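Observations on chain architecture
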Amino acid sequence: MSNIRADFPFLDRKYAGKQLAYLDNASTTQKPGVVISAVVDAYKNHYANVHRGVYGLSQEATELYESVREKTTKFIGAKSSREVIFTKNTTESLNLLAYTLGQRLNGGDEILISDMEHHSNIVPWQMLVERLATNGKRVKIKYIPINRQGELDLSNLDKLVTRKTKILSLTLMSNVLGTINPVSKIIRVAKKKAPALIAIVDAAQASAHMKIDIAALSCDFLAFSAHKMYGPSGVGLLWGKAKLLYDLPPFLGGGDMILSVTREKATFNELPWKFEAGTPNIADVIAFGPAIEFVQKVGFARISKNEMDLTKYAVERLAGDPLVEIYGPGNRGPVISFNIDGVHPHDVASILSDFAVAIRSGHHCAQPLMDAIGIPAACRVSFGVYNIKEDVDRFIAGLRKVKEVFKLNQKSKIRILNRGSSRLRLDRNNHRTNEMSRKAQ
Amino acid sequence: MDLYREEILEHWKNPLNFGEISNASLVIDQINSLCGDEVTFYFKIADKKIRDVSFTGNGCAISIATSSMLSEKIKGKSLKVVSKLTGQDVLKFLGGEVAPARLKCAFLSLEAVRKIGTLTK
């Protein structure tokens, strides 16, 4: 992997005399030099607004911007670039869908998601339900539960999907457990029972690790982000079937999303620009092009081999430690969540940070999943194309330090973190919603 | 690392005033937005004084240790004195350097205690 590491300038910087062992790739990835220089080049040499100027520079910027749409189209196997919309992130893509699809829902309709979703695939639907409720429409969100292996429990899928299920929105890979979900199978089963159902795939976590093929997924919409696959932050993607996008109302109104505007009314632009109101993130979209090329050049076979070798190695090292509890499935991507018995994840991450090892700690924007597992928080390591075995070794050495600091080798029994937590209890009683409570005197 | 000195670890391992007191006159839940961790403080307040205080919760060593130390500091104090406690005071008794990312953990209990004023008016 040595030549790949040379592509990433973040490794030139030293922390406490060491290269950073960056193990938070599920959150965001570092950028290769080609992406960084593409941002600079876009601003230096090709910057003007897109779709507007008739002068040469604006046309140049427009061509570069649109060429990345073409690249993205091919990257996911879409039929036409009209179906590919630039947003600012997966969150915005999913909000766009909740907002626009939501206008078609009726009272009694159901939305089906899962206990494994990122907040970005939960909260927009909850907000939609609230909006519809103020119009007297009662729409329900249902959750596919998880089983003890940290996989979606599909044994009751038949009952969860009803003829009233209008939207199914699922993550392809869990950002916490790394679980790769059998999304295409679920969609096929669900559509048999509810043919009018719209199937959405959240590919934010998956897109850097496995080939995305929208035909194989048999979905209607797919959302992902550039920044999780070595591209710039501030660029999200939404793919949708042209026929569906054509029928949907716009999301945001403003410049570039219209054909004409009178005092009374606007005629909306063609696809995909109908959904791209205002000046977009031009330079970062342009720099997403080299990110796609980078991923394609390395290839998913090599990316996956490196990441999964490291995942297997790290799981083996962790599993040998009786104080470590690993959450999640056999069929996982390069993401491992775990806890050290009795030590809070924030304390683990703080101490590892002192050894230039970057891991994530907390609820990972997936509190319903944390509740389902029965833990308040977890540590998470996640791998990228530039990670090496030494990163794992330094991470494991850091964990030894954590245990030293907390004197865990002395069998100290800690009661606080373990208070009332039973593993993988399927209990969604959310006791964290009351910001404040007051008892009567 | 300096933060995890012996005194802090002792408070984390054996927190003072941990548990629920019966007949609390005021209960305040406080959530750490960074991680969703939660502490609950129980107070017995009479004559504008904190007669008794305890807490429960899930949290990191920093938040548990500060809750423990803070509960000890405010026990028996008047509400007026307690209302004047600042983040600087908390950092002073914590002793070590707290990274910006961990300030929320260090101030979780203080945020809870600061609500006493609004809730007892």
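Remember, it's a predicted structure, so these values are computed and weren't measured experimentally. (Residues numbered from 1 in each chain as written. Chains lettered and ligands numbered in written order. Predicted model: local features only at pLDDT ≥ 70, side-chain atom pairs only at ≥ 80, totals over all residues. Heavy atoms only, no water.)

Comments concerning the overall build of chain B
The line we're drawing: Think of it this way: any DSSP run of H or I at least four residues long counts as a helix, any run of E at least two long counts as a strand, and we number them from the N terminus. This radius of gyration counts C-alpha atoms alone. The globule rule is 2.2 Å times how many residues there are, raised to the power 0.38. Relative accessibility under 20% of the residue-type maximum defines a buried residue, over 50% an exposed one, and the middle range a partly exposed one, all with a 1.4 Å probe and only protein chains included. Throughout, a residue-residue contact means that at least one pair of heavy atoms, one from each residue, lies within 4.5 Å. Accessibility throughout is a Shrake-Rupley quantity obtained with a 1.4 Å probe, and a residue counts as covered only by protein chains that appear here. Charged-residue counts in this description rest on Lys and Arg as positive and Asp and Glu as negative, His and the chain ends being excluded. By convention, the point assigned to a charge is CZ for Arg, NZ for Lys, CD for Glu and CG for Asp.
Secondary structure assignment for chain B yields 5 helices and 3 strands. Reading the secondary structure of chain B in the N-to-C direction produces α-β-β-β-α-α-α-α. The C-alpha atoms of chain B give 13 Å as radius of gyration, which agrees with the globular expectation for 121 residues (14 Å, within 12%). A burial count over chain B gives 58% of its 121 residues as buried. For chain B, the proportion of contacts with a sequence separation of at least 24, taken over those separated by at least 6, is 61%. Surface exposure of chain B reaches about 5,300 Å², of which carbon and sulfur atoms provide 52%. Within chain B, the 14 negative side-chain charges are centred at a point lying 9 Å from the centre of the 17 positive side-chain charges.

Describing the overall build of chain A
Secondary structure summary: chain A contains 14 helices and 17 strands in total. Along the three orthogonal principal directions, the C-alpha set of chain A runs to about 75 × 55 × 50 Å. Per-residue burial for chain A yields a buried fraction of 56% across its 441 residues. Sequence separation of at least 24 residues holds for 72% of the intrachain contacts in chain A that already meet a minimum separation of 6.

Structural notes on the sheet that holds strand 14 (residues 335–340) of chain A
All names here are of chain A. Rules: What makes two strands pair is DSSP finding at least two bridges between them. Fitted lines through C-alpha atoms serve as axes, helices being fitted only where they are in contact, and the angles separating the N-to-C directions of these axes extend from 0 to 180 degrees.
Strand order across the open sheet formed by 4 strands is 13-14-17-16, with antiparallel pairing between neighbours. Strands with a single pairing partner mark the edges of an open sheet, and in this sheet they are strand 13 (324–327) and strand 16 (360–362). If you compare each strand with its neighbour and ignore which way they point, the axes differ by 30° on average. Sheet analysis places strand 16 next to strand 17 (residues 378–382), joined by 3 bridges and oriented antiparallel. Of the residues in strand 17, the one forming a bridge with R360 is R380. Together, strand 13 and strand 14 form the strand contacts of helix 11 (residues 300–319), whose direction differs from that of strand 14 by roughly 15°. Contacting strand 14, strand 16 and strand 17, helix 12 (residues 345–353) runs over the sheet at an angle of about 155° to strand 16.

Quick look at the pattern of salt bridges
Just so we agree on the cut-off: Any Lys or Arg side-chain nitrogen found within 4 Å of a carboxyl oxygen on Asp or Glu counts as a salt bridge.
Applying the stated rule across the entire model yields 19 salt bridges over all chains. A salt bridge links K191(A) to D220(A); the shortest N-O distance between them is 2.8 Å. Within this pair, whereas K191(A) is found in helix 7 (residues 183–193), its partner D220(A) is found in the loop between helix 8 (214–217) and strand 9 (221–225), the two being separated by 29 residues in sequence. Classification of K191(A) as partly exposed rests on a relative accessible area of 23%. Of the charged contacts in the structure, one is a salt bridge between R114(B) and E111(B), with a shortest N-O distance of 3.7 Å. Of the two residues, R114(B) and E111(B) both sit in helix 5 (residues 103–120), 3 residues apart, roughly one turn of that helix. You can call E111(B) partly exposed: its relative accessible area is 34%. Salt bridges sharing partners connect three or more residues here, namely E66(A), R69(A) and E276(A).

Observations regarding the packing of helix 12 of chain A against helix 14 (residues 389–405) of chain A
Residue and element names in this part refer to chain A. The test is simple: For any helix crossing, the convention is left-handed if the near helix is rotated counterclockwise from the far helix by under a right angle, and right-handed if that rotation is clockwise. Lys, Arg, Asp and Glu make up the charged group, whereas Ala, Val, Leu, Ile, Met, Phe, Trp, Tyr, Cys and Pro make up the nonpolar group; the residues left over, Gly among them, are polar.
In contact at an axis separation of 9 Å, helix 12 and helix 14 are set at 115° when each is read in the N-to-C sense. Note that helix 12 runs across helix 14; the crossing there is right-handed. Contacts between helix 12 and helix 14 pair V348, I351 and L352 from the former with F395, G398, L399, K401, V402 and V405 from the latter. Looking at the contact of helix 12 with helix 14 residue by residue, the classes come out as 7 nonpolar, 1 polar and 1 charged.

Remarks on unusual backbone geometry
Residues and elements named next belong to chain A. Following L271, the chain continues into P272 via a peptide bond in cis, with omega recorded as 0°. Tracing the chain through its elements places P272 in the loop between strand 12 (266–268) and helix 10 (282–298). Although it is not a glycine, H51 adopts a positive phi angle of roughly 65°. Structurally, H51 can be placed in the loop between helix 2 (33–45) and helix 3 (56–76). Taking the relative accessible area as the measure of exposure, H51 reaches 27% and is therefore partly exposed.

Observations regarding helix 2 (residues 61–74) of chain B
Residues and elements named next belong to chain B. What counts is decided by this rule: Here the expected length of a helix is defined as 1.5 Å per residue gap, with one fewer gap than residues.
Between its first and last C-alpha atoms helix 2 spans 20 Å; for 14 residues at 1.5 Å apiece the expected length is 20 Å, and the two agree. The buried count for helix 2 comes to 12 of 14 residues, which makes it a mostly enclosed element. Taken residue by residue, helix 2 has A61, I62, S63, I64, A65, T66, S67, S68, M69, L70, S71 and I74 as its buried positions. In the stretch just after helix 2, G76 is the one whose phi turns positive, near 85°.

Concerning the confidence of the model for chain A
Quick note on the threshold: You can read pLDDT as the predictor saying how much it trusts each residue, on a scale of 0 to 100.
Across chain A, the average pLDDT comes to 91, with 92% of residues at or above 70. Residue range residues 411–441 of chain A is modelled with pLDDT below 50. Its contacts to residues more than four positions away, or to other chains, number 86 contacts.

A few points about the nonpolar core
One recurring pattern in soluble globular proteins is that nonpolar side chains are buried together. Note the threshold: The term nonpolar core refers to a set of buried residues drawn from Ala, Val, Leu, Ile, Met, Phe, Trp, Tyr and Cys, joined through side-chain atoms within 4.5 Å.
F8(A), I76(A), V201(A), L222(A), F224(A), F288(A) and V385(A) are the most contacted members of the largest nonpolar core, which has 79 residues in total. It is helix 10 of chain A that contributes the most residues to this core, 11 residues altogether. Excluding residues within four positions of it along the chain, F224(A) makes contact with T72(A), F75(A), I76(A), T90(A), A203(A), A204(A), S207(A), M229(A), G236(A), L237(A) and F288(A). Counting 65 residues, the second-largest nonpolar core is a separate cluster that includes Y313(A), L3(B), W12(B) and V90(B).

Comments concerning the side chain of E276(A)
Residue and element names in this part refer to chain A. Which entries qualify depends on this criterion: Any pair of nitrogen or oxygen atoms within 3.5 Å is treated as a polar contact; in protein, a donor-acceptor pairing is required on top of that, and neighbouring residues in sequence qualify only through side-chain atoms on both sides.
As for its position among the elements, E276 is in the loop between strand 12 and helix 10. A polar contact of 2.9 Å, which involves the side chain of E276, links it to the side chain of Y65. Engagement of the side chain of E276 in a polar contact is seen with the side chain of R69, the distance being 2.7 Å.

Focus on the sheet that holds strand 2 (residues 38–46) of chain B
Residue and element names in this part refer to chain B. The strand order across the open sheet built from 3 strands is 1-2-3, with neighbouring strands paired in antiparallel fashion. Each edge of the open sheet is held by one strand with a lone partner, namely strand 1 (26–31) and strand 3 (49–58). Strand-to-strand twist in this sheet, taken as the mean axis angle between neighbours without regard to direction, amounts to 20°. In terms of strand pairing, strand 2 meets strand 3 through 9 bridges, oriented antiparallel. Paired with F43 across the bridge in strand 3 is V53. Strands strand 2 and strand 3 of the sheet are contacted by helix 2, whose axis makes an angle of about 170° with strand 3. Helix 5 rests against strand 1, strand 2 and strand 3 of the sheet, and its axis sits at about 135° to strand 1.

Here's the deal with the pairing of strand 11 (residues 258–261) of chain A
Residue and element names in this part refer to chain A. Of the pairings in the sheet, the one linking strand 11 to strand 12 comprises 3 bridges and is antiparallel in character. Note on strand 12: the bridge partner recorded for S260 is T267. Linking strand 11 to strand 12, which pair antiparallel, is a turn of 4 residues.

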